Amino acid sequence: MKKLFISSLVLAAMSSCGSSDDTLPEVNNNNNGGTPLLLTKATEVTDDGQTYTVQFKYDGDRLIESYNNVEQEKTVYTYNGDNIIKTEDYEAGVMKMMREFTYTNGRVSSEKVTNKNAGTLVYTKAFQYISATHVKFNEYSSSTFNPSTGVHSDIKFSQNDVQLSSGGNIATMVSVDNGRTTTSTYNYDTKNHPMKNIRGYLKIDLFYLSDGELGYNNLLNMSSNYSGTVSGSLGSTATHTYNANNFPTKTVMNYTSTTFPASSTTYTYEYNQ
């Protein structure tokens, strides 16, 4: 849940911009009376029994805040019209990360990240839209941190090439990072992702993780192979239980890897209706 539902919390340790008149789908699947179905609570349970819960606060279908009161973690969202232009992640009242977004023709063209988890790390991600279904972007990979000065230097990025499906989900991704090339493929159902009706959310986080678990629909399986300095593979499969509105109420993710033991995580979802 931390990785999927709080925009950047706990993932902090982790160029030119093109433009296009094409935009990814923004679909409100209304339950009744024109009110969109919105996720209000999501719970993650790992196979070793750890539990993490996130709750969501809205103004209409605009997300104001996602939070976990027990661990004193929250993300605050700022909009300009229909677009999220800033997210701020807090732990015990202290801001740990800020993401600032700029848009071109309705799509994110750049993202400035200020990470204060260790010193202050600032970098910018740039998105280039080759076509309606072809996107390239850079992603923070590593840096050299001097704890005595709090300064990061030698910031490195991976280069990512993404092909989207006609439904706007990630179909394939090729990532090149420090001599290692990773090729991933993804398959989705035709139902609604829990975050789908949150205005502007998928625009900022569709490419945030490479596991494919965020999209307009729900991931069924992912297969990833990497080679270069290190070689191996990893994958995931999902089983979903849906409500009458074709939104999942429960998802069980099973993960495999040539490096780590197999594991599973169960997600449950609650909505406003």
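Residues numbered from 1 in each chain as written. Predicted model: local features only at pLDDT ≥ 70, side-chain atom pairs only at ≥ 80, totals over all residues. Heavy atoms only, no water.

The protein chain is annotated in an unreviewed UniProt entry as DUF4595 domain-containing protein from Chryseobacterium piperi.

> Run through the overall build of the protein chain, naming residues and quoting values.
Helices and strands together make up the secondary structure of the protein chain, namely 2 helices and 18 strands. A total of 273 residues make up the protein chain; the buried ones form 45% of that total. (Helix = DSSP H or I, 4+ residues; strand = E, 2+ residues; numbered from the N terminus. Buried < 20%, exposed > 50% of the residue type's maximum accessible area, 1.4 Å probe, protein only.)

> An account of the packing of aromatic side chains is requested, with residue identities and associated values reported.
Describing an aromatic ring pair means giving the distance of the ring centres and the angle of the ring planes. Across all of its chains, the model carries 7 aromatic pairs by this definition. Taking 5.4 Å as the distance between ring centres and 25° as the angle between the ring planes, the aromatic pair formed by F127 and F137 counts as stacked. Taken together, the residues F127 in strand β10 (residues 121-131) and F137 in strand β11 (residues 134-146) connect sequence positions 10 residues apart. Taken individually, F127 and F137 each receive the classification buried, so the pair is uniform in this respect. Here the aromatic rings of F247 and Y271 are separated by 5.6 Å at their centres, their planes lie at 65°, and the arrangement is edge-to-face. One end of the pair, F247, is in the loop between β16 (232-242) and β17 (248-257); the other, Y271, is in strand β18 (residues 263-271), with 24 residues separating them in the sequence. Of the aromatic side chains, those joined through ring pairs into one cluster are Y123, Y140 and F157. One cation-aromatic arrangement involves R180 over Y226; the distance from NZ or CZ to the ring centre is 4.8 Å. Over the aromatic face of Y242 sits the side chain of K191, whose NZ or CZ is 5.6 Å from the ring centroid. (Phe/Tyr/Trp six-rings, centres within 6.5 Å; stacked < 30°, edge-to-face > 60°. Lys NZ or Arg CZ within 6 Å of the ring centre and 35° of its normal.)

> Lay out the nonpolar core with the relevant residues and their values.
Among the nonpolar cores identified, the biggest contains 42 residues, and L39, F56, L63, I170, I198 and F207 are the most heavily contacted of them. For this core, the leading source of residues is strand β4 (residues 51-59), giving 4 residues. What I170 contacts, discounting residues up to four positions off in sequence, is V162, Q163, L164, Y186, Y188, L206 and F207. If you look at the next biggest cluster of nonpolar residues, it comprises 7 residues, including V113, L121, Y140 and Y208. (Core = buried A, V, L, I, M, F, W, Y, C linked by side-chain atoms within 4.5 Å. Contact = heavy atoms within 4.5 Å.)

> An account of unusual backbone geometry is requested, with residue identities and associated values reported.
Of note, the phi angle at D154 is positive, near 50°, even though the residue is not glycine. Phi is positive for N178, close to 50°, though the residue is something other than glycine. Mapped onto the fold, N178 is located in the loop between β13 (170-177) and β14 (180-188). Under the relative-accessibility criterion, N178 is labelled exposed at 61%.

> How would you sum up empty space enclosed by the protein? Please name residues and give values.
Size it by volume and the largest cavity reaches roughly 80 Å³. Around the largest cavity, the lining comprises 11 residues; the ones closest to its centre are H193, E213, H240, T251 and Y269. For the lining of the largest cavity, the secondary structure elements donating two or more residues are β17 and β18. Partitioned by chemical class, the residues of the lining of the largest cavity number 6 nonpolar, 4 polar and 1 charged. (1 Å grid on protein atoms, 1.4 Å probe; cavity = no way out; pocket = protein on both sides within 12 Å on 5 of 7 lines; lining within 4 Å. Points joined across faces, edges and corners; volume = space filled by probe spheres on them. Nonpolar A, V, L, I, M, F, W, Y, C, P; charged D, E, K, R; others polar.)

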